[in-house]
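# Architecture at a glance
Here's the letter readout for the chains.
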Amino acid sequence: MQYRTLGRTGVQVSTLALGAMNFGAIGNTTQEEATAIVDAALDAGINLIDTADMYSNGQSEDIVGKAIAGRRDDIVLATKASMPMGDERNHRGSSRRWLVTALDDSLRRLGVDHVDLYQIHRWDPDTSDEETLAALTDLQRSGKIRYFGSSTFPAYRIVQAQWAARDHHLSRYVTEQPSYSILQRGIEAHVLPVTEQYGMGVLAWSPLASGWLSGAVREGRPITTNRSTFMPQRFDTTIPANRARLDAVERLAAVADDAGLTMIQLALGFVTVHPAVTSAIIGPRTLDHLRSQLAAADTVLTADVLDAIDAIVAPGVDLAAHEKFDTPPALLDPSLRRRATATR
């Protein structure tokens, strides 16, 4: 396992991080199975575990808490908040009112008195940066969190938050957690240059592109991944974007074969080679999944392999841009990019 410094925090974290989204109902992973995954990950040198309050409505945090009991101090523990936790309108977002409550709930489920990294799961357009940063700074000063970061923020919002922290003398986001894979490279054009500018750590989620790069999705085979059972449209190959992904996967498989690598090694090695990326978050549902992903821990891709990847999916290109979560609102809502015209 390799280790890198998380932004400018001085904290050393493994280049593969264990994501716990599949723990609980989402991945149908039991406590016993999750504990075995955590044990094996820690034995392999992984020291960063990432979860969120909304994963299986808190169940993931409960499972992680039980799995790490007795060895908290050896783990860099990260969780997230701001996504809806039930139907109550104020049980979401990044207001001070909700973050204080959400963090206490997360600490209770995790069975700890602090988390090392507390992340805002998505940018909340209804809450000012000053409101959120002031709340997070106070939670940091209280000792309940060590650092805080953002997740899937548009590049311009990352910049705005850095400026707000400076202007209001508040602590700042020290990490960003974006979606990044060979098939989704858009952040290379905007997010990653910003995180490098501000010295932020980057924890990349979905480096296997929801299973497209796991080796299980190939031409002529039925797609039976767990994700495809509850997100069928994402794997419907009659949709042009999915057809483009499948075509790219077939070409990437040839590159991996020529290099003597598995698809997983190719995919994870691609993400971790980028100088702006600190860690790639893997999210295994089973021990076998974990073992196949751990095999990529020391993978170093050569320049020839990286050139071949660039020829298949160009730098800065998303093959499924409609699945992005950091798209500026004006690109999704035509009314936001058109001036109102006088009625006749």
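Anything mentioned here points back to the structure above.
### Thoughts on the pattern of salt bridges
When charged atoms on two side chains of opposite charge get close, those side chains can pair. Per the counting criterion, the structure on display carries 16 salt bridges. Here Arg166 and Asp167 are joined by a salt bridge, their closest N and O atoms 3.1 Å apart. Several salt bridges converge on common partners, so that one network encompasses Arg185, Glu188 and Asp310.

### Brief notes about unusual backbone geometry
Backbone geometry places Asn57, a non-glycine residue, at a positive phi of 55°. Non-glycine residue Thr152 carries a positive phi angle of around 60°. Along the chain, Thr152 falls in the loop between β7 (145–151) and α5 (155–167).

### Observations concerning helix α8 (residues 240–259)
With 20 residues, α8 extends 29 Å between its outermost C-alpha atoms, agreeing within 8% with the 28 Å of an ideal straight helix rising 1.5 Å per residue. Among all positions in α8, only Ala241, Asn242, Arg245, Leu246, Ala248, Val249, Leu252, Ala253, Val255 and Ala256 are buried. On its buried face, α8 is in contact with α9 (263–273) and α11 (303–312). Downstream of α8 by a residue or two, Gly260 has a phi angle that is positive, lying close to 70°.

### Focus on the sheet that holds strand β10 (residues 279–282)
Here 8 strands make up a closed barrel; going around it, the order is β3-β4-β5-β6-β7-β8-β9-β10 and the pairing parallel. Ignoring which end each strand starts from, the neighbouring axes of this sheet average 30° apart. In this sheet, strand β8 (residues 175–177) lies alongside β7 in parallel orientation, the contact comprising 2 bridges. Opposite Ser151, over in β8, you have Gln177 as the bridge partner. The strands touched by helix α4 (residues 129–141) within the sheet are β6 (115–120) and β7, with β7 carrying the most contacts at an inclination of about 155°.

### Topic: the pairing of strand β5 (residues 76–81)
Across the 6 residues of β5, 6 count as buried, placing the element largely inside the fold. Covered by surrounding structure in β5 are Val76, Ala78 and Lys80 together with Leu77, Thr79 and Ala81, the residues of both alternating faces. Of the strand pairs in this sheet, strand β4 (residues 48–50) and β5 are connected by 3 bridges, and their pairing is parallel. Note on β5: the bridge partner recorded for Asp50 is Ala78. Between β4 and its parallel partner β5, the chain crosses via helix α2 (residues 59–67), and the hand of that crossover is right-handed. Where β5 and β6 come together, 4 bridges link them in parallel fashion. Opposite Thr79, over in β6, you have Tyr118 as the bridge partner. With helix α3 (residues 96–110) bridging β5 and its parallel neighbour β6, the resulting β-α-β unit is right-handed.

### Regarding the environment of Thr175
Mapped onto the elements of the fold, Thr175 is located in strand β8. For Thr175, a relative accessible area of 0% gives the class buried. With 156 residues separating them in the primary sequence, Thr175 and Gly19 have C-alpha atoms 16 Å apart. Apart from residues lying up to four places away in sequence, Thr175 is in contact with Leu6, Leu117, Phe148, Gly149, Ser150, Met200 and Gly201.

Parameters at a glance
- Along every chain, residues carry numbers that run from 1 in the direction the sequence is written.
- In keeping with the predicted nature of the model, local features appear solely for residues at pLDDT of at least 70, side-chain atom pairs appear and are counted solely at 80 or more, and the whole-chain, interface and lining totals rest on all residues.
- Each side-chain value is worked out from all heavy atoms of the structure, with water and hydrogens disregarded.
- Just to be clear on terms, a salt bridge is a Lys or Arg side-chain nitrogen sitting within 4 Å of an Asp or Glu carboxyl oxygen.
- Secondary structure elements are defined from DSSP: runs of H or I of at least 4 residues count as helices, runs of E of at least 2 residues count as strands, and each element is numbered from the N terminus.
- The span one expects for a helix is its residue count, reduced by one, times 1.5 Å.
- A simple rule labels every residue: compare its accessible area, found with a 1.4 Å probe on the protein chains alone, to the largest value its type can have, and call it buried under 20%, exposed over 50%, or partly exposed in between.
- Contacts between residues were defined by any pair of non-hydrogen atoms, one from each residue, lying within 4.5 Å.
- For two strands to pair, DSSP has to find at least two bridges joining them.
- Think of each axis as a best-fit line through the C-alpha atoms, taken over the contacting stretch in the case of a helix, with angles from 0 to 180 degrees between the N-to-C directions.
- The path from the first strand over the helix to the second decides the hand: if it runs clockwise while the strands point away from the viewer, the crossover is right-handed.

Just distances and angles here, no functional claims.
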